[in-house]
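Listed here are the chains, written in short residue letters.
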Amino acid sequence: DEFGRQELPTAQIPAFVAKFGLPTDGGGCTLMAKVEVNGGREDPVWAFLKAGGKDVSWNFAAFFVVGKDGQVVGRFSSRELDACGEALAVAVAA
């Protein structure tokens, strides 16, 4: 995988979902299948999110905010979220 083998093997994902009580019925949390994030085989979702921006350097390096209109509002690093996470959460909820 692209990020130093930090991704769970596909066979372990159902147990992870069950262990942490993630919804599986579309009620708030959707897990994507493993896909390519960078390069010529990147998934179209990632191509859309990055839209002309730089590649994702590791699996927690980029967080995207998508508006109700389906457009990317912003891209944030984990450091930026640490610094402004609460304000961002309030803005997104509005």
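To keep things clear, this report deals only with the structure shown in the data block.

Turning our attention to the nonpolar core. Core analysis: the biggest nonpolar cluster contains 6 residues, these being Val37, Trp46, Leu49, Val56, Ala62 and Phe64. Residues within four places of Leu49 in sequence aside, it is in contact with Phe64, Val66 and Val72.

A separate point is the pairing of strand 2 (residues 72-76). Sheet topology places strand 1 (residues 63-66) next to strand 2; 4 bridges connect them, and they run antiparallel. Of the residues in strand 2, the one forming a bridge with Phe64 is Arg75. Between strand 1 and strand 2, which pair antiparallel in sequence order, lie 5 residues; one of them, Gly70, sits at a positive phi of approximately 85°.

Conventions adopted
- Residues numbered from 1 in each chain as written.
- Predicted model: local features only at pLDDT ≥ 70, side-chain atom pairs only at ≥ 80, totals over all residues.
- Heavy atoms only, no water.
- Core = buried A, V, L, I, M, F, W, Y, C linked by side-chain atoms within 4.5 Å.
- Buried < 20%, exposed > 50% of the residue type's maximum accessible area, 1.4 Å probe, protein only.
- Contact = heavy atoms within 4.5 Å.
- Pairing = 2+ DSSP bridges.
- Helix = DSSP H or I, 4+ residues; strand = E, 2+ residues; numbered from the N terminus.

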